[in-house]
Amino acid sequence: MKIDKKAVGIRLKRLREEKNLTLDEVAKLLNVAGKTTVNAWEKGRAYPKKYMDKLAELYNTTIEYLNYGDLKNYIQKYIEQEFHSENTPIHNWLIEYFNKFYDYENYKNENRRVNVVGRDAEGNSFIEVCSDANSELIQNFSIECLNKFILDNLDKIHDEVQGETIFENNKAYDEKFLENHITFYIKKLVIARKQEFIFLSNDMKNKLSKMFADIGVISSLWKSPDDIKSGTVKERAELFYKAKLSDIIFGCEKNIEVLIEEYQKYIDNE
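Residues numbered from 1 in each chain as written. Predicted model: local features only at pLDDT ≥ 70, side-chain atom pairs only at ≥ 80, totals over all residues. Heavy atoms only, no water.

### A closer look at the overall build of the protein chain
Moving on, step 1. The helix and strand inventory of the protein chain stands at 12 helices and two strands.
Moving on, step 2. Counting helices and strands in the order they occur from the N terminus, the protein chain gives α-α-α-α-α-α-α-α-β-β-α-α-α-α.
Moving on, step 3. Burial statistics for the protein chain: of 270 residues in total, 37% are counted as buried.
Moving on, step 4. Contacts in the protein chain between residues at least 24 apart in sequence constitute 64% of all its contacts with a sequence separation of at least 6.
Moving on, step 5. Total accessible area computed for the protein chain in this model is approximately 16600 Å², and 50% of it derives from carbon and sulfur atoms. (Helix = DSSP H or I, 4+ residues; strand = E, 2+ residues; numbered from the N terminus. Buried < 20%, exposed > 50% of the residue type's maximum accessible area, 1.4 Å probe, protein only. Contact = heavy atoms within 4.5 Å. Areas by Shrake-Rupley, 256 points an atom, 1.4 Å probe, with all protein chains shown as cover.)

Following this line, the structure appears as structure tokens:
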């Protein structure tokens, strides 16, 4: 993970002050040119790469702490970094988690832009195509989901990582170790969620909504393909039966919503 020189400098200054050392004293102990060099490190203008081991020893800490801060802060930054780097294992499993716990996919479907792109011979619109979701809304919601995930799970992830690396503190800062551990942690939650009725119901609704959008034809008052006044026989049949299929999908979605309401009422009365 990228090292933040300013954050390193803040930690170096705090640790020096806790030891009641001056800039001159640290410079002499490390055998560097003078206090201006140490000051540059603490201001974040320079990074003391060659002196990190000596600084860690002087301040009785680890190089990992000097570079990244405490383990919990490091884990949070790592999760945020991996989420914003698309197609990483953690990013992909976080999206799965958002879908299961925060109804992320359904939110995307509800915020799609809908365009009327076709009309029949009488000028009535009959085709709707769902374009990409409103990117700004979705991006903001994904950040909300990420922040909520961190709030709900960071302490647990930290405790588990710390427990597994209690005798190898530097291992906790290993990115591959963290990737495997965090991915496994999220996967456990997602798999457990899949067994729940509400998730199953919402998952089915999301899939039906996507199917509806892919079909691209809304319900109509046509009673047969012959009611469509334009197009070839095949084109009229396509429009008519896609519309009928949309009716079926729409009806299924409504039935699922009724089931969810019944389930929630029963739970609330207990």
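Back to the write-up after that little detour.
### Describing the environment of Glu80
Moving on, step 1. Inspection of the secondary structure assignment puts Glu80 in helix α6 (residues 71–84).
Moving on, step 2. Beyond its immediate stretch of four places on either side in the chain, Glu80 contacts Leu146 and Ile150.

### Quick notes on unusual backbone geometry
Moving on, step 1. Backbone geometry places Asn31, a non-glycine residue, at a positive phi of 60°.
Moving on, step 2. Mapped onto the fold, Asn31 is located in the loop between α2 (23–30) and α3 (35–43).
Moving on, step 3. With phi around 55°, Asp103 is a residue other than glycine that occupies positive phi space.
Moving on, step 4. With respect to the helices, strands and loops of the structure, Asp103 is situated in the loop between α7 (89–102) and α8 (104–110).
Moving on, step 5. Residue Asp103 is classed as partly exposed on the basis of its relative accessible area, which comes to 25%.

### Observations regarding the pattern of salt bridges
Moving on, step 1. Under the definition given, this model contains nine salt bridges.
Moving on, step 2. Here Glu42 makes a salt bridge to Arg16, at a shortest N to O gap of 2.6 Å. Of the two residues, Glu42 sits in helix α3 while Arg16 sits in helix α1 (residues 5–18), which places them 26 residues apart along the sequence. The exposure classification of Glu42 matches that of Arg16, with both residues buried.
Moving on, step 3. Note that Lys205 and Glu257 form a salt bridge whose closest N and O atoms lie 3.5 Å from each other. Residue Lys205 is found in helix α11 (residues 197–215), and its partner Glu257 is found in helix α12 (residues 233–269); the two are separated by 52 residues along the sequence. (Salt bridge = Lys/Arg side-chain N within 4 Å of Asp/Glu carboxyl O.)

### A few points about α7
Moving on, step 1. Taking 1.5 Å of rise per residue, the 14 residues of α7 would be expected to cover 20 Å, and the 19 Å separating its terminal C-alpha atoms lies within 8% of that figure.
Moving on, step 2. Of the positions making up α7, those classed as buried are Ile90, His91, Leu94, Ile95, Tyr97, Phe98, Asn99, Lys100 and Tyr102.
Moving on, step 3. Buried-residue contacts for α7 involve α6, α8, α9 (135–164), α10 (175–193) and α11. (Expected span 1.5 Å × (residues − 1).)

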